[in-house]
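Topology and contacts: notes
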Amino acid sequence: MGIAVLTMKASVIEMFLVLLVTGIHSNKEMTKKMKRPKFTVPQINCDVKARKIINPEFVVQCPAGCQDPRYHVYGTDVYASYSSVCAAAVHSGVLDNSGGQILVRKAAGQSGYKGSYSNGVQSLSLPRWRESFVVAEGKPQKGGTYPSALTYSSAKRPAAKAGETTGAYQKPSVPGTTTQPVSLMQVPGTTPTGDNHTTSPEPSPSAGSATSSPRPQPAGHRSQEPALWSTTTYTSRPNSPRAHPGFVPKEELSTQPLDPVSQGDPNCKVDLSFLIDGSASIGRRRFRIQKQFLADIAQALDIGPAGPLMGVVQYGDNPATQFNLKTHMNSRDLKTAIENIAQRGGLSNVGRAISFVTKNFFSKAGGNRGSAPNVAVVMVDGWPTDKVEEAARLARESGINIFFITIEGAVESEKQYVMEPNFASKAACRTNGFYVLGVPSWFSLHKTVQPLVKRVCDSEQLACSKTCLNSADVGFVIDGSSSVGTGNFRTVLQFVANLSREFEISDTDTRVGAVQYTYEQRLEFGFEAYSTKPDVLNAIKRVGYWSGGTSTGAAINYALGQLFERSKPNKRKLMVLITDGRSYDDVRVPAMAAHRKGVITYAIGVAWAAQDELDVIATHPAKDHAFFVDEFDSLYQLAPRVIQNICTEFNSRPRN
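To start, this report covers the structure provided alongside it. (Residues numbered from 1 in each chain as written. Predicted model: local features only at pLDDT ≥ 70, side-chain atom pairs only at ≥ 80, totals over all residues. Heavy atoms only, no water.)

Okay, the sheet that holds strand E4 (residues 100-110) next. Read from one edge to the other, the open sheet built from 5 strands follows the order E1-E4-E7-E3-E2, with strand pairing classed as antiparallel. The sheet terminates laterally at strand E1 (57-62) and strand E2 (75-76), the two strands that pair on one side only. Relative to strand E7 (residues 129-137), E4 runs antiparallel, the two sharing 8 bridges. Pairing of valine 104 across the sheet is with valine 135, part of E7. Helix-sheet contacts for helix H2 (residues 85-92) involve E1, E2, strand E3 (78-80), E4 and E7, and the interaxial angle to E7 is about 60°. (Pairing = 2+ DSSP bridges. Helix = DSSP H or I, 4+ residues; strand = E, 2+ residues; numbered from the N terminus. Contact = heavy atoms within 4.5 Å. Axes fitted to C-alpha atoms, helices over the stretch in contact; angles between N-to-C directions.)

Structure follows, in structure tokens:
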């Protein structure tokens, strides 16, 4: 009996061991058969920016051709997340232009990114950005986990090449709950759908996080204050009922007539454009401070058709007109419109914005009145991300008075990142300090309201309103001698009309007068005779041919006495003398007298005119002020050159 029991136990143990060995073997076979999931590298295009990808670390495949200058890069070694991922990889040397696989790691933002040229890519400088990234060779690190599908920061993800897939974002699991896949991720800085809120097309990168814990900031980076950055403010009285559309509480009803709308302050008649900074680096709170500043300006100016008019252009990557000069004709409506401006985001391309204003803003269709000075106030957070000097020069030459308000400008350690040192002084209307206001902090910007209003309303100080075409007294001295002939004299008058047509003619702008001479001289019309361009052109047409000898010296003296003695003190004095032969009298002494009196003289010679005599009559240097053509029919060719030289000389004066 005992032997039988022992035999049975041995059989059971043997069977258990067989099953155990068989199970282990089967498990090994199953493990061999189960293949480990293969990691798929997502593909992106050259134009995809790092800020669009939420993943903190990822491997991607870049296509060929990302060395193209269309794909912007900001920084060196450490790049602002506003950069193209793949172009930054080429700049850093991790990739060449044939593309390939790279590893990207996100990092904290910096207070400055320095541009450089490397591997065929020119990277740019950038003042501040909230997020950075670095790139390395695309070998996945041992033990690292990388997503096969990237998570983008908006529902509209960048287009990718065929083969890339997008996985659903998984909500973080909460103890006691089951994770459910969702197809759309709620990104920090965006607004959930369902409420009737409006959001700007591109959320500002410096917007507050949706989480309660503040994000750590690098040294020199602006702190974020989510609680203060709300873009909508709701106010209500305690215990008041929820307002229904069209509901007006009884206590607010009034039978009193509305206050009459102001016609504006007639002592401040200016056409004013504000170029406001909508770049991402400014942040929502500072953008709201900027809008409050504009509203305070609108209130202080007393907007109206008889006084100042105001429009707004917002710039970031590209400028856009928020509203023009004639959109809002009183301070109340203007303040409401300012409150509704949404931030655009992007870079701080000030030069591009100034060019836009010069070409598009001050037009008749946009409400420009012509009789009012044009003023552009440029507001800059930190410093521009493009060059401004050339764009500002063209604006000044167009008669635009450019003011700069720089807020929280570059400190000593940040000046290396500024593309154009002393940009405000180079770009403003004058270098005398009148046109530049530096503000140390956004929170002291309100102190600038009254000083700015006082300056833009001081029309006598708006020096850039005066251009080469609207600030002169132009006196024509016309040879009517017998050698000219009736037909050629009409050609000369057409030349005079062509030149006059280029000027802005009025009592307060350019004025035109004319003298005809032979042996004798006569005043055809003086500077005070006509104040509109059509009247001046008709007066030129009516000038009759006189005929006689050629006393050019006496004609210059006559013009000085009869025309330029009556010139206004603040006007440039321009004499345009046209002759077809050598003078019978001396021209040297009268010409010197004209130069001493500040009369800029252009000598136009035709046919038998003597070049040496033209050079004496003309203001120095003669090559810029003396012109000659062989025949009268070629005179028309000189008009553009004469106007160009008049303007070149005017614009080359020192800006002090």
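Text resumes after the structure shown.
As a further point, take the packing of helix H9 (residues 486-501) against helix H10 (residues 533-542). For the pair H9 and H10, the least separation of the axes is 9 Å and the interaxial angle reads 170°. By the criterion of interaxial angle, the relationship of H9 to H10 is roughly antiparallel. Where H9 crosses over H10, the handedness of that crossing is right-handed. Mapping the contact onto sequence places Arg490, Leu493, Val496, Ala497, Ser500 and Arg501 in H9 and Lys533, Val536, Leu537, Ile540 and Lys541 in H10. Classifying every residue of the contact of H9 with H10 by side-chain character gives 6 nonpolar, 1 polar and 4 charged. (Parallel < 35°, antiparallel > 145°, perpendicular 65-115°, else oblique. Left-handed = near helix turned anticlockwise from the far one by under 90°. Nonpolar A, V, L, I, M, F, W, Y, C, P; charged D, E, K, R; others polar.)

A few words now on the pairing of strand E11 (residues 309-315). With 7 of 7 residues buried, E11 lies mostly within the body of the structure. The alternating pattern of E11 places Leu309, Gly311, Val313 and Tyr315 and Met310, Val312 and Gln314 on opposite faces, both of which are buried. Where strand E10 (residues 271-277) meets E11, 7 bridges bridge the pair, whose relative direction is parallel. Bridge pairing in E11 links aspartate 277 to tyrosine 315. With respect to chirality, the unit in which E10 leads through helix H3 (residues 283-301) into the neighbouring parallel E11 is right-handed. Pairing geometry for E11 and strand E12 (residues 320-323), over 3 bridges, is antiparallel. What sits directly across from valine 312, in E12, is phenylalanine 323. Hairpin connection from E11 to E12: 4 residues lie between these consecutive antiparallel strands. (Buried < 20%, exposed > 50% of the residue type's maximum accessible area, 1.4 Å probe, protein only. Right-handed = clockwise from strand over helix to strand, strands pointing away.)

For the structure on display, the rule yields 5 disulfides. For cysteine 268, the disulfide goes to cysteine 457, at an S-S distance of 1.9 Å. The S-S bond linking cysteine 268 to cysteine 457 shows a torsion near -70°; that makes this disulfide left-handed. With cysteine 268 in the loop between strand E9 (181-182) and E10 and cysteine 457 in the loop between helix H8 (449-456) and strand E16 (472-479), the pair connects residues that are 189 residues apart, well separated along the chain. Look at cysteine 457 and you get buried, because its relative accessible area is 19%. Across the disulfide, cysteine 429 is cross-linked to cysteine 464 (sulfur-sulfur distance 2.0 Å). Judged by the sign of its S-S torsion, about 110°, the cystine formed by cysteine 429 and cysteine 464 is right-handed. Highlighted residues: cysteine 429 in the loop between helix H7 (423-427) and strand E15 (436-439) and cysteine 464 in the loop between H8 and E16, separated in sequence by 35 residues. In this structure cysteine 429 comes out as buried when scored by relative accessible area, which is 0%. Each bonded cysteine in the protein chain gets a number by its place in the sequence, and the pairs come out as 1-3, 2-4, 5-7, 6-8, 9-10. (Disulfide = S-S within 2.5 Å.)

Take the sheet that holds strand E21 (residues 626-629) next. In spatial order, the strands read E18-E17-E16-E19-E20-E21; together these 6 strands make up an open sheet with mixed pairing. With partners counted over all chains shown, the strands left at the sheet margins are strand E18 (521-525) and E21, one partner each. Between one strand axis and the next, the sheet turns through 20° on average, direction left out of account. Two elements, strand E20 (residues 599-606) and E21, share 4 bridges in a ladder whose sense is parallel. Of the residues in E21, the one forming a bridge with valine 606 is valine 629. Packing of H9 onto the sheet brings it into contact with E16, strand E17 (511-517), strand E19 (572-579) and E20, and relative to E16 it is tilted by some 170°. Running over the sheet, helix H15 (residues 638-651) touches E19, E20 and E21 and is turned about 160° from E20.

For any two helices packed against each other, one specifies the crossing angle of their axes together with the interaxial distance. Packing of H3 against H8 brings their axes to within 10 Å, and their N-to-C directions diverge by 50°. Here H8 runs oblique to H3, going by the angle between their axes. Crossing angle aside, the handedness with which H3 passes H8 is right-handed. Across the interface between the two elements, Phe293, Asp296, Ile297, Ala300 and Leu301 of H3 pack against Val449, Gln450, Leu452, Val453 and Val456 of H8. Grouping the amino acids of the contact of H3 with H8 by side-chain chemistry returns 8 nonpolar, 1 polar and 1 charged.

Turning our eyes to something else, we now look at the environment of serine 459. Inspection of the secondary structure puts serine 459 in the loop between H8 and E16. Among the residues examined, serine 459 registers a relative accessible area of 40% and is labelled partly exposed. In this structure the C-alpha to C-alpha distance between serine 459 and alanine 372, which are 87 residues apart in sequence, comes to 9.0 Å.

Any two side chains of opposite charge can pair, so long as their charged atoms come close to each other. Tallied over the entire structure, the rule returns 16 salt bridges. Its salt-bridge partner being glutamate 397, residue arginine 393 comes within 2.6 Å of it at the nearest N-O pair. Of this pair, arginine 393 and glutamate 397 are both found in helix H6 (residues 389-397), 4 residues apart, which corresponds to roughly one turn of the helix. Assessed through its relative accessible area of 30%, arginine 393 is described here as partly exposed. With relative accessibility at 26%, the residue glutamate 397 sits in the partly exposed group. For arginine 582, the salt bridge identified is with aspartate 612, shortest N-O distance 3.2 Å. Of the two residues, arginine 582 sits in the loop between E19 and helix H12 (588-596) while aspartate 612 sits in helix H13 (residues 611-617), which places them 30 residues apart along the sequence. Take aspartate 612: its relative accessible area is 46%, and that puts it in the partly exposed class. (Salt bridge = Lys/Arg side-chain N within 4 Å of Asp/Glu carboxyl O.)

Here the focus is the environment of valine 313. Mapped onto the secondary structure, valine 313 falls in strand E11. Sequence spacing of valine 313 and aspartate 277 is 36 residues, and the spatial spacing of their C-alpha atoms is 9.0 Å. Those residues in contact with valine 313, other than ones at most four positions away along the chain, are Ser273, Phe274, Leu275, Ile276, Pro319, Ala320, Thr321, Gln322, Phe356, Val357 and Phe361.

Turning our attention to unusual backbone geometry. With omega at 0°, the peptide bond leading from histidine 620 into proline 621 counts as cis. Notably, alanine 607 is not glycine yet its phi reads approximately 55°, a positive angle. Tracing the sequence through the fold places alanine 607 in the loop between E20 and H13.

Attention shifts here to the nonpolar core. Buried together is how nonpolar side chains tend to be arranged in soluble globular proteins. The biggest cluster of nonpolar side chains holds 68 residues, and the ones touching the most others in it are Phe274 and Met310. Sequence-distant contacts of phenylalanine 274, that is, excluding residues within four places in its chain, are made with Phe293, Leu294, Ile297, Met310, Gly311, Val312, Val313, Val377, Met379 and Leu452. Listed in part, the 42 residues of the second largest apolar core include Phe495, Ala539, Val606 and Phe650. (Core = buried A, V, L, I, M, F, W, Y, C linked by side-chain atoms within 4.5 Å.)

Just distances and angles here, no functional claims.
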